[in-house]
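Residue strings, one per chain:
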Amino acid sequence: MITRVDTYLHSVPLSGAVAEQVGPFTLFRSTTIWPYYARPVPGSGVTIKPDDVDLVRERCAELEIPLSFEWVVDTCPSLGPAAAAAGLTVVEHPLLVLERDDFQPVVADARVEILSADEDVVRQCRAVANLAFSDPGTAVGTAGPAERDAAAAETRDELVATLRDRALRGVSVNAGAFTEDGMVASGTHQPVDATTEVVGVGTLPSARRRGLGAAVTSKLVEHAFANGVDLVLLSAESDAVAAVYERVGFHRIGSAGAAE
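Residues numbered from 1 in each chain as written. Predicted model: local features only at pLDDT ≥ 70, side-chain atom pairs only at ≥ 80, totals over all residues. Heavy atoms only, no water.

**Let's talk about the environment of Val-192**
Next up, step 1: Examined against the element boundaries, Val-192 turns out to sit in strand S8 (residues 182-192).
Next up, step 2: Val-192 sits 178 residues away from Leu-14 along the chain, and the two C-alpha atoms are 10 Å apart.
Next up, step 3: Not counting residues within four places of it along the chain, the set of residues in contact with Val-192 comprises Tyr-8, Ser-11 and Val-12. (Helix = DSSP H or I, 4+ residues; strand = E, 2+ residues; numbered from the N terminus. Contact = heavy atoms within 4.5 Å.)

And the structure:
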């Protein structure tokens, strides 16, 4: 299971990047408007050292792109200490998976649906996510519909065009939850063959503690299982956030690492 997850995570950036080998890493060079990262090659079994991290640092400097790494801690436990020794900030997050038989659909007091690639819908979806992640955690906050609409209007046209293209190509599938206040939660899954990852699930801070994030996740999982996927994964910000996904049937299999 952990090997399959690692392989998927090495494939999914290719929808927006080209791969280049740098020492024991694959550096994903972005072909879109956001940066990617480097990952250790799955199954290589290599022990990463600070000098290996510095190889990627030098290459990123040549390319004038940000230096960052993502990996599965359980398949490459040496990368975290090596990255820290090389001066990077290292974090770990719970890594969870869900198989069809464990799926527990969640319903909330909202309309939850798969979203179209309409420009206004994409703007709203992105705005909800941005507000959610700018105020992390699960506590109820202040940002609500007015802030969402302002953020949607300010979302760059280039970003909207990129997100619409990904939705139209099917490399990203978006879902949203709606109340009388409009879209109040959103999220995405990114299928590659029979595996997908749920990413970017967020609820407007003012609408938290109503089960909306779990309901959006449930809708994404339902869509994935109906379209040829049999394994869904995600990494949670914290154990508290992981508990939201456990309501849908996810269970932890390890940790996802990130360094920058």
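**Section: the packing of aromatic side chains**
Next up, step 1: Enumeration according to the criterion identifies five aromatic pairs in this entry.
Next up, step 2: Measuring from ring centre to ring centre gives 5.9 Å for Phe-103 and Phe-225, while their planes differ by 70 degrees; the resulting arrangement is edge-to-face. Here the residue Phe-103 occupies a position in the loop between strand S5 (90-99) and strand S6 (111-114), and Phe-225 occupies one in helix H7 (residues 212-226), the gap between them amounting to 122 residues. Both residues of the pair, Phe-103 and Phe-225, count as buried.
Next up, step 3: What links up through ring pairs into an aromatic cluster is the set Phe-28, Tyr-36 and Tyr-37. (Phe/Tyr/Trp six-rings, centres within 6.5 Å; stacked < 30°, edge-to-face > 60°. Buried < 20%, exposed > 50% of the residue type's maximum accessible area, 1.4 Å probe, protein only.)

**Side note on the packing of helix H4 (residues 119-134) against helix H6 (residues 157-169)**
Next up, step 1: The geometry of H4 relative to H6 is characterised by a closest axis approach of 10 Å and an angle of 105 degrees between their N-to-C directions. Looking at the two axes, H4 sits roughly perpendicular to H6. Together, Glu-119, Val-122, Arg-123 and Arg-126 of H4 and Asp-157, Leu-159, Val-160, Leu-163 and Arg-164 of H6 make up the contact between the two elements.
Next up, step 2: Split by residue class, the contact of H4 with H6 holds four nonpolar, no polar and five charged. (Axes fitted to C-alpha atoms, helices over the stretch in contact; angles between N-to-C directions. Parallel < 35°, antiparallel > 145°, perpendicular 65-115°, else oblique. Nonpolar A, V, L, I, M, F, W, Y, C, P; charged D, E, K, R; others polar.)

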